[in-house]
Amino acid sequence: MELTEQDCVDELESIAVATTDEMLAEGGFVPPPTTHMFCNDLGHQPYAGYVRTRPFCPGDDAHTAIETLGLVASFVNASRLVLAWEQADLQIALQRPGEPMPTGLVVVDAPRVGEHVVRWNPAEFVRTGTRADGCPIVAASWGPTQRIPGGRLQEPVSAALELWRSPRTWSAMEIAEAYLDMEDDGYRMAWPVRPDDEPPQRWPLWRAVVEAIVTDPGQPQRSA
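Right, let's walk through the structure included here. In this text, all values refer to a predicted model and were calculated from it rather than measured experimentally. Counting restarts for each chain: residues are numbered from 1 in the order of the written sequence. Reporting of local features is limited, given that this is a predicted model, to residues whose pLDDT is at least 70; pairs of side-chain atoms are given and counted only at 80 or more, and all residues count toward the totals for whole chains, interfaces and linings. Excluding hydrogens and water, the side-chain values take into account all heavy atoms of the structure.

A few words on the overall build of the chain. Note on conventions: DSSP H or I runs of at least 4 residues are helices, E runs of at least 2 residues are strands, and numbering of each starts at the N terminus. When helices and strands are tallied, the chain shows seven helices and eight strands. With the C-alpha coordinates aligned to their principal axes, the bounding extent of the chain is approximately 50 × 40 × 40 Å. Out of the 224 residues in the chain, the part that is buried amounts to 46%. In the chain, of all internal contacts separated by at least 6 residues, the share reaching a separation of at least 24 is 64%. Note that accessible areas follow from Shrake-Rupley with a 1.4 Å probe, and for residues the cover is restricted to the protein chains shown. Counting only carbon and sulfur atoms, one obtains 54% of the accessible surface of the chain, whose full area is about 11500 Å². Classification of residues uses two cut-offs on accessible area relative to the type maximum, computed with a 1.4 Å probe and protein chains only: under 20% is buried, over 50% is exposed, and between them is partly exposed. Residue contacts are counted whenever heavy atoms from the two residues lie within 4.5 Å of one another.

A few words on helix α1 (residues 5-27). Taking 1.5 Å as the rise per residue, α1 with 23 residues should run 33 Å; its terminal C-alpha atoms sit 33 Å apart, in good agreement. Residues Cys8, Val9, Leu12, Glu13, Ala16, Val17, Thr20, Leu24 and Gly27 constitute the buried set of α1. Looking one or two places after α1, you find Gly28, whose phi comes out positive at around 75°. Take the residue count of a helix, subtract one, and multiply by 1.5 Å to get its expected span.

In a pair of packed helices, the angle between the axes and the distance between the axes together describe the arrangement. Note on geometry: axes are lines fitted to C-alpha atoms, helical ones only across the stretch in contact, with angles between N-to-C directions running from 0 to 180 degrees. Running from amino to carboxyl end, helix α6 (residues 172-185) crosses helix α7 (residues 205-214) at an angle of 50°, the nearest separation of the two axes being 10 Å. One way to sum up the angle between α6 and α7 is to call them oblique. Our pair here, α6 against α7, has a crossing hand that is right-handed. Counted together, Ala172, Ile175, Ala176, Tyr179 and Leu180 of α6 and Leu205, Trp206, Val209, Val210, Ile213 and Val214 of α7 form the full contact between these two elements. Taken together, the residues of the contact of α6 with α7 break down into eleven nonpolar, no polar and no charged. In these notes the angle categories are as follows: under 35 degrees is roughly parallel, over 145 is roughly antiparallel, 65 to 115 is roughly perpendicular, and the rest is oblique. The crossing is said to be left-handed when, going from far helix to near helix, the turn is anticlockwise and less than a right angle, and right-handed when the turn is clockwise. Residue type decides the class: Asp, Glu, Lys and Arg count as charged, Ala, Val, Leu, Ile, Met, Phe, Trp, Tyr, Cys and Pro as nonpolar, and the leftover types, Gly among them, as polar.

The term nonpolar core refers to a set of buried residues drawn from Ala, Val, Leu, Ile, Met, Phe, Trp, Tyr and Cys, joined through side-chain atoms within 4.5 Å. Membership of the largest hydrophobic core comes to 44 residues, with the highest contact counts inside it found for Met37, Val72, Phe75, Val76, Trp191 and Trp206. Residues in contact with Val76, not counting those within four places in the same chain, are Met37, Cys39, Trp191 and Trp206. Ala16, Val17, Leu105 and Val107 belong to the second-largest nonpolar core, a separate cluster that totals 13 residues.

Before going further, it helps to spend a moment on the pairing of strand β4 (residues 104-111). With seven of eight residues buried, β4 is to be regarded as a mostly interior element. Pairing between two strands requires that DSSP report at least two bridges joining them. Here seven bridges tie strand β3 (residues 80-86) to β4, and the two strands are oriented antiparallel to one another. Across the sheet, Ala84 pairs through a bridge with Val107, a residue of β4. With six bridges connecting them, β4 and strand β5 (residues 117-130) associate as antiparallel partners. Note on β5: the bridge partner recorded for Val107 is Arg119. Hairpin connection from β4 to β5: five residues lie between these consecutive antiparallel strands, with Gly114 at a positive phi of about 120°.

In structure tokens:
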């Protein structure tokens, strides 16, 4: 059964929570900031794919790494974004002063035009053990989810949204160069296989460029 776009957004939030649980249990880590993209020009299956941040150093480099997520959303001409990150982890990475923010998962549902909604999933992280390699085993106790229309965003997240929403026309060469540069920097991108009844001739320019890159014999294969 096909999901509606809103169903898909809700499912992405559930997957983000489950992924956080899994990574905490495996080694005490949380997922890197991630952006999921929807594109109206893809037709009845508008989910385009996702991009995860490259490794970054605390401070300005973290800001740049997260802001650059908006570049992919720009060249795919995304109509809607879903961004997810762990709140305390991001605050530490940005080296922001003040009281430590609570732990939990932030999921932002942002349209191209209009007000975003912050989905706040508070959690208490408790160390429950240690693996043989010394990594901690952590369990999350999740509280009730809150929906906050127009909720406050961290500065680099706002910058990523602004980069995405700023009008820009991309050529095929510019898309390919941006994609390959980000891949070389360590961003992880994945793109779902399009339906069999959707001929490549109907793809938007960016999708044709991405398909050519990921199916090139010299490039590693990727799937969502």
